[in-house]
Every structure is written in C-alpha cells, then in structure tokens.
2 protein chains.
Amino acid sequence: MRPVSKKYSIGFRVWINEEEGHFIGLGRVRLLENIKSTGSITKGAKEMKMSYRQAWQMVEDMNSRSDKPLVEKVLGGKGGGGAIVTEAGEKVIKLYYQLEEKMIKASKELSKSIKF
Amino acid sequence: MRPVSKKYSIGFRVWINEEEGHFIGLGRVRLLENIKSTGSITKGAKEMKMSYRQAWQMVEDMNSRSDKPLVEKVLGGKGGGGAIVTEAGEKVIKLYYQLEEKMIKASKELSKSIKF
DNA sequence: AGCCGATATGTTTATTAAAACATAGCCAAA
DNA sequence: TTTGGCTATGTTTTAATAAACATATCGGCT
C-alpha cells in the first residue's frame, strides 16, 4: 500500500455522491485498498488494526451514501465468503490519489509564495 | 464571514509549519476570523458556539506549533484585554481560502472525468 | 484603590466515539 | 450434514472528547 508522507499529506476528501455532498477520506480509501488486496472485510480491517465492526459499518455507510456500492459482500460459500471492491470503488481510490497529487502541488506552490 | 457550501466544501488543511508538518483546518481558520472581527477569544468563541476553554486551547496549540504566533493576547487593561490576529495569522486565513479555491476547481475537473 | 471584561487554568461532569466481547446466520465444498 | 471462515448484529465496557462550572490573574481607567 502507498505510504503516507507525514510531511506532505494534507488531508482532504473525495466525493462519492456529489448531489448529496458525501465524501470519503484517506482512512476509508485505505480500507478499500485493504479489502481489495485481502478479499475480505475481516482481513482488510485487521491489516490496519481496525475492528471488524467498525470496518463493516464504514462499508455499509459508504455503500449507502455512494451512488453505486463500492464493496460487494459475499455470504457463506467457499472460504466462508468475502468482499470485493467494485469498479466504482476502484474509481474512488484512483480519484483520491489523483486529487491528492494536484492538492499537494497546489498547496506547495501557494505556501511557497507566502512566507510567515 | 464566508459561508460554507455544503455541496462543494472539500475539507483540507493548510500548513502552519511545513518543517514539522502541522496544519490547520476550516474550524481553526474560522476561529481566527472570529477573533479578528471581535477582538477577543471570548467573543470569537461565542460567535461559533465554542467554549472559551476550547478556543483558548486551540489558540495556544496553533501559536506553539506555528513558526510565528497567529494570535497575540493582551492581558488586562482597557476593556479587560483582548486578542488580535497577527499578520502571520491573516496570511494563514488568506492561504486557506486560496487553496480551497484551487482544490474545488481541481476536484470538480477530476470528478467530472470519472463517472460512477 | 476598585472596577471591568478579558485571559489563564484547574476541576468536574456529560457526551460521544471506540474498543472489546459475544453470538447468530450464511453457503460452497468436503 | 458437518465444517470453516466470513458476514451480520447486539451488548457491554472503556477511552477520548467536549461541555460545564469555578476561580485566580491581569492592568488601563476612573
């Protein structure tokens, strides 16, 4: 997973539903990435030392707020089930990092021009 | 004070000390604005229904983290004293809104190109 | 010297958020 | 039809945060 620069991360969010004004931030983007790489909410949450309960609630929240679900859940079956990040979910991840890049660039430029 | 658009605010922060990686967000920017317009922490906090204690702590925190203090306090004297936003503080406010503008623009452009 | 309205700070209480624990339901595959 | 590992959800406990209250201090002015 992509590392976070302590020095240059800026903290912002990305729309998942522009109409309603809902966003997700780095924490949820990382949860999505972990779910994607592990194939389950349980493992993805463990990866980032998050409780399964909280992770599950975040997924519920994201799915209900977003135009399209970002994570699809599979109950029972092979391996007990799991969860996969949808195409919409992957787009959110991508958008987040694209925006981050632009943000950091803009922030650096502006900060440079203003001396305290 | 500048209104917040529910639909388009994006939530981010501005550096007050790039070396150490410290930031302030909209909440603190607004506190600064309120202190500036009222001339005191007490009144500024009341303006936004924040307790004086919390506001005072925020100011302390900002001042200690920032390269230069953002708020100067006046003890006692005429009117009992007060607080004024320094030049550095005003620059932070300005920087915040400049960055916001850029952010919204970049975010809109990117979001437009990605359909869910 | 006393007033006034602000800063400065300690203490306690209430509210909210997170963690921890427990347990039921699901279903392909063996 | 039992197993395994996951989803789903309720309950309780703990920790973190915020609010509320109290009080001391400061210093120009009158």
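The structure we're discussing is the one just above.
Figured I'd write up the structure that's included with this text. None of the values given here were measured: they were computed from a predicted structure.

Scoring rules and cut-offs
- Residues numbered from 1 in each chain as written.
- Chains lettered and ligands numbered in written order.
- Predicted model: local features only at pLDDT ≥ 70, side-chain atom pairs only at ≥ 80, totals over all residues.
- Heavy atoms only, no water.
- Helix = DSSP H or I, 4+ residues; strand = E, 2+ residues; numbered from the N terminus.
- Expected span 1.5 Å × (residues − 1).
- Buried < 20%, exposed > 50% of the residue type's maximum accessible area, 1.4 Å probe, protein only.
- Contact = heavy atoms within 4.5 Å.
- Near = heavy atom within 4 Å.
- Polar contact = N/O pair within 3.5 Å; in protein donor to acceptor, adjacent residues only side chain to side chain.
- Axes fitted to C-alpha atoms, helices over the stretch in contact; angles between N-to-C directions.
- Parallel < 35°, antiparallel > 145°, perpendicular 65-115°, else oblique.
- Nonpolar A, V, L, I, M, F, W, Y, C, P; charged D, E, K, R; others polar.

## Things to note about helix α1 (residues 26-38) of chain B
Structurally, the α-helix is built with 3.6 residues per turn, so residues lying three or four positions apart point the same way. Residues and elements named next belong to chain B. Look at α1: 18 Å from first C-alpha to last across 13 residues, which is about the 18 Å you get at 1.5 Å a residue. Of all the residues in α1, the buried ones are V29, R30, L31, L32, E33, N34 and I35. Immediately downstream of α1, the backbone of G39 shows phi near 85°, a positive value.

## Points about the side chain of S66(A)
With respect to the element layout, S66(A) can be found in the loop between α3 (52-65) and β3 (71-75). Discounting chain neighbours no more than four positions away, the residues touching S66(A) are I16(A) and N17(A).

## Considering the protein's contact with DNA strand C
Taken together, 22 residues are adjacent to DNA strand C, and I41(B), T42(B), R53(B), W56(B) and K73(B) come closest. Counting only the atoms of DNA strand C within 4 Å of the protein, the fraction contributed by sugar and phosphate is 66%. The backbone of G76(A) places a nitrogen or oxygen atom 3.3 Å from a base oxygen of DNA strand C. Contacts to DNA strand C include G80(B), whose backbone N or O atom sits 2.8 Å from a base nitrogen. Of all the secondary structure elements, the ones that give two or more residues to the surface near DNA strand C are α3 of chain A together with α2 (41-47), α3 (52-65), β3 (71-75) and β4 (81-85) of chain B.

## A short note on the packing of α1(B) against α3(B)
Residue and element names in this part refer to chain B. Here α1 crosses α3 at 105°, and the two axes come no closer than 11 Å. Viewed along their axes, α1 and α3 adopt a mutual orientation that is roughly perpendicular. Contacts from R28, L31, L32 and I35 of α1 reach α3 at A55, M58, V59, D61 and M62. Across the contact of α1 with α3, the residue classes break down as 7 nonpolar, no polar and 2 charged.

All quantities given are derived from atomic positions and should not be read as evidence of function.
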